[in-house]
Amino acid sequence: EPEVTQTPSHQVTQMGQEVILRCVPISNHLYFYWYRQILGQKVEFLVSFYNNEISEKSEIFDDQFSVERPDGSNFTLKIRSTKLEDSAMYFCASSDTGATSSGNTIYFGEGSWLTVV
Amino acid sequence: SQKIEQNSEALNIQEGKTATLTCNYTNYSPAYLQWYRQDPGRGPVFLLLIRENEKEKRKERLKVTFDTTLKQSLFHITASQPADSATYLCALDLFMDTGRRALTFGSGTRLQVQP
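Residues numbered from 1 in each chain as written. Chains lettered and ligands numbered in written order. Predicted model: local features only at pLDDT ≥ 70, side-chain atom pairs only at ≥ 80, totals over all residues. Heavy atoms only, no water.

Novice: Explain the overall build of chain A to me, using residue names and the numbers behind them.
Specialist: If you tally the helices and strands in chain A, you get 0 helices and 11 strands. Its helices and strands taken in sequence order, chain A reads β-β-β-β-β-β-β-β-β-β-β from the N to the C terminus. Rg of the C-alpha trace for chain A: 13 Å, near the compact-globule value of 13 Å for 117 residues, within the 12% margin. Dimensions of chain A, computed from the C-alpha atoms along their principal axes, are close to 40 × 25 × 25 Å. Every one of the 117 residues in chain A was classed for burial, and the buried ones make up 48%. Counting contacts in chain A only where the partners sit at least 6 residues apart, residues at least 24 apart contribute 55% of the total. Here chain A displays about 5,800 Å² of accessible surface, and carbon together with sulfur accounts for 46% of that area. Looking at charge distribution, chain A has the averaged site of its 8 positive side-chain charges lying 5 Å from that of its 15 negative ones. (Helix = DSSP H or I, 4+ residues; strand = E, 2+ residues; numbered from the N terminus. Rg over C-alpha atoms; globule rule 2.2 N^0.38 Å. Buried < 20%, exposed > 50% of the residue type's maximum accessible area, 1.4 Å probe, protein only. Contact = heavy atoms within 4.5 Å. Areas by Shrake-Rupley, 256 points an atom, 1.4 Å probe, with all protein chains shown as cover. Lys, Arg positive; Asp, Glu negative; His and termini not counted. Charge placed at Lys NZ, Arg CZ, Asp CG, Glu CD.)

What follows is the structure, given as structure tokens:
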């Protein structure tokens, strides 16, 4: 069954360093997402991406964050200068439809656990 | 503001019984609602989607109801098994500040099925 794959599974980084989290969405999907989950808290929406541009973003997704689809298969999340509070599990996801009345079922990867020290 | 609330942070039941989880929402009229399962350290996995014009949806031992008047969805697992132990999340497309929508999750209910 097709799946969303993410790398790395775990990364430890120093505060202030840049981090890039990588994702390969399901191949025929057109909509891509990043969510994060701080330990013990709920899954929070960060950003959605369609047609090579950001569709929606939450208030969490500030200027420190950026997303890119550098080629036909990868989708990346960059955090420019990490803070302690960025420590979380970051989930990449994809879907074949957007937020429409027909419903956009989202398929998640297994996550990248980021620890900022 | 729009909210999704899942009652019961945790629910413990005996194997074989029916588990019932609740999702309430406010200030919104969604076209559909979704349920996901999340195991510890793993990504959410889609289970069921129910649309506003559907009162009930079933998939094997799972049943979801959607009451748009009460603004509530109930998620049932019949003949529960220890393998059903996980956190169950409800999700809605909520409006962001941009005026567009994004799939937003409730905080989840942790279900523990005792053998």
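After presenting the structure, the write-up continues.
Novice: Lay out the pairing of strand β3 (residues 19–26) of chain B with the relevant residues and their values.
Specialist: Residue and element names in this part refer to chain B. Counting buried residues along β3, 6 of its 8 residues qualify, which places the element largely inside the surrounding structure. Relative to β3, strand β1 (residues 3–6) runs antiparallel, the two sharing 4 bridges. Pairing of Ile4 across the sheet is with Tyr25, part of β3. Two elements, β3 and strand β8 (residues 72–77), share 6 bridges in a ladder whose sense is antiparallel. Its bridge partner lying in β8, Cys23 is registered against Ser73. (Pairing = 2+ DSSP bridges.)

Novice: Please give an account of the sheet that holds strand β1 (residues 5–7) of chain A that cites residues and values.
Specialist: Residues and elements named next belong to chain A. Spatially, β1-β3-β8-β7 is the arrangement adopted by the 4 strands of the open sheet, whose pairing is antiparallel. Looking at the sheet topology across the chains shown, the edges are occupied by β1 and β7 (65–68). The sheet shows a mean angle of 20° between the axes of neighbouring strands, taken without regard to direction. Summarising the sheet, strand β3 (residues 19–24) and strand β8 (residues 75–79) pair through 5 bridges and their orientation is antiparallel. Looking at β8, one finds that Leu21 is bridged to Leu77. (Axes fitted to C-alpha atoms, helices over the stretch in contact; angles between N-to-C directions.)

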